[in-house]
Amino acid sequence: KDEGTASGMEFTGAEDQAIKGIRLEGDDGEMTYVSHRALESDRQRIMCTAFPDCSPEVSKVVAITANTADGTKKETIALLPLDGSGGTPRVVIGSCQITYEDLSPSDCIEYAFAEAPDEWKMSQLSLEAVENYRSQKFEAWKAMLVEPTCEAQFRRMLQIGCVAKLYDPHVFPTPEAQKETYRVKDEKTGKLIELPHPVKELRVWNADTNAYTAIDTQLAGAPSEEEKDEWWSNFLKELEAKHGQEYIEGLMAGNR
């Protein structure tokens, strides 16, 4: 359901007035208030994975829609006390983990993994940063296999196979239930190494359509789903030429 489930929370007259009185700032200056509503409960659950203050146990969360100077709709998130005691609503502002720019929760990226496709989480990450990451991560993944630093990491990555979708252990952390699959211990140092764990889907809220917009997860330069098997087979031959066929086959079979 793109549009979410209504939270059922209502605002007092004083709260409505306080919400309408918030100064709403966009990238290009002050925005014009259009409307406000209680944030949908399913969106609120996802949002509090990156913004704990947005938890329904902590605050009333209001989604305020406003127009920018060019007429584009933007959504701002603000918080009110649960007890209805009033006061000035607090606008929630995050920070992109890559670019460090200010970021509204409504502009943050949401992600889900293939192992739990309905468990969406939010990352304090901008669309601009995602596009930048998509252009770099495939070469970074290949480099880990061409010049491995740890045999345990090399073995597990060979067993996982081709990673063609976006991954990053910091901005898209692996859930606890799957951590053992995507983590190994370096035999020399004892240090835990996070392995690339590709996301299944990415999306971001679109205030203009009042629905989610899907974001392409495919890494720049990576093979498509149809080409993946053939690409991986050819890449394994390159690795065998570099490291030895018997060694690579042994790692993939888990014999080493």
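For the structure itself, consult the block above.
What comes next concerns the included structure. Position numbers for residues count from 1 along each chain, tracking the sequence in the order it is written. Local features are withheld for residues below a pLDDT of 70 in this predicted model, meaning they are given only at 70 or higher, and side-chain atom pairs are given and counted only at 80 or more; totals for whole chains, interfaces and linings count all residues. Think of the side-chain values as coming from all heavy atoms in the structure, minus any hydrogens and water.

### Thoughts on helix H3 (residues 127–134)
Among the residues of H3, those classed as buried are Ala129, Val130, Tyr133 and Arg134. Considered in projection along H3, the buried side chains sweep an arc of 140° and stay on one side of the axis. Where H3 is buried, its residues contact strand S9 (109–112), helix H4 (137–146), strand S13 (201–206) and strand S14 (211–215). Per-residue accessibility, obtained with a 1.4 Å probe over protein chains only, is compared with the maximum for each type, and a residue is labelled buried under 20%, exposed over 50%, and partly exposed between these values. What counts as a helix is a DSSP run of H or I of at least four residues, what counts as a strand is a run of E of at least two, and both are numbered from the N terminus. This arc is built from the directions going out from the helix axis to the C-beta atoms. Between two residues, a contact is recorded if the distance between any of their heavy atoms is within 4.5 Å.

### Overview of empty space enclosed by the protein
Here a cavity denotes a set of grid points, spaced 1 Å apart and computed over the protein atoms alone, in which a 1.4 Å probe fits but from which it cannot get out, and a pocket denotes an open set meeting protein on both sides within 12 Å along at least five of seven lines; residues with an atom within 4 Å of a point are reported as lining. Grid points are joined across faces, edges and corners, and a volume is the space filled by probe spheres set on the points. Applying the stated criterion across every chain, the model contains 1 cavity of 30 Å³ or more. Lining of the largest cavity is provided by Tyr111, Ala112, Phe113, Ala116, Glu119, Lys121, Pro175 and Gln178. When residues are sorted by character, Ala, Val, Leu, Ile, Met, Phe, Trp, Tyr, Cys and Pro go into the nonpolar class, Asp, Glu, Lys and Arg into the charged class, and all the rest, Gly among them, into the polar class. Across the lining of the largest cavity, the residue classes tally to 5 nonpolar, 1 polar and 2 charged.

### Digging into the pattern of salt bridges
Salt-bridge detection follows one rule: a side-chain nitrogen of Lys or Arg within 4 Å of a carboxyl oxygen of Asp or Glu. By the definition in use, this model includes 20 salt bridges. A salt bridge links Glu40 to Arg37, with the nearest nitrogen and oxygen atoms 2.6 Å apart. Of the charged contacts, one joins Glu180 and Arg183 as a salt bridge, the two residues approaching to 2.9 Å between their closest N and O atoms. Overall, Glu180 belongs to the exposed group, its relative accessible area being 55%. Taken together, the salt bridges that share partners define one network made up of Arg37, Glu40, Arg43 and Glu75.

### Considering the packing of H4 against helix H5 (residues 151–160)
Axis angles are defined between N-to-C directions and span 0 to 180 degrees, where every axis is a line fitted to C-alpha atoms and, for a helix, only to the segment in contact. Contact geometry for H4 and H5: axes closest at 9 Å, N-to-C directions at 125°. With respect to each other, H4 and H5 are oriented oblique. Viewed along their axes, H4 and H5 form a crossing whose handedness is left-handed. Taken together, the residues of H5 that come into contact with H4 (itself represented by Trp141, Met144 and Leu145) are Gln153, Phe154, Met157 and Leu158. Its residues placed into classes, the contact of H4 with H5 shows 6 nonpolar, 1 polar and no charged. Angles are sorted into four bins: roughly parallel if under 35 degrees, roughly antiparallel if over 145, roughly perpendicular if 65 to 115, and oblique for all others. The handedness criterion is simple: a crossing whose near helix is rotated anticlockwise from the far helix by less than a right angle is left-handed, and one whose near helix is rotated clockwise is right-handed.

### Topic: the nonpolar core
Nonpolar side chains tend toward joint burial in soluble globular proteins. Counting residues in hydrophobic clusters, the biggest one holds 57 residues, and the most contacted among them are Trp141, Leu145, Leu158, Phe172 and Leu202. Once you skip the residues sitting within four places of it in the chain, Phe172 turns out to touch Ile109, Tyr111, Phe113, Ser123, Leu125, Leu166, Tyr167, Val199 and Leu202. Residue types Ala, Val, Leu, Ile, Met, Phe, Trp, Tyr and Cys, when buried and joined through side-chain atoms within 4.5 Å, form a set referred to as a nonpolar core. Ranked by size, the runner-up nonpolar core spans 11 residues in total, among them Leu24, Ala38, Val62 and Leu80.

### Details of helix H6 (residues 228–243)
The span you would expect from a helix comes to 1.5 Å times its residue count less one. Taking 1.5 Å of rise per residue, the 16 residues of H6 would be expected to cover 22 Å, and the 22 Å separating its terminal C-alpha atoms lies within 8% of that figure. Along H6, the residues that are buried comprise Trp232, Phe235, Leu236 and Leu239. Angularly, the buried residues of H6 cover 110° about the axis, an arc narrow enough to put them on a single face. Relative to its buried face, H6 has exposed residues pointing more than 90 degrees away, namely Glu230, Glu238 and Ala241. The inward-facing, buried residues of H6 abut H4, H5 and helix H7 (245–253).

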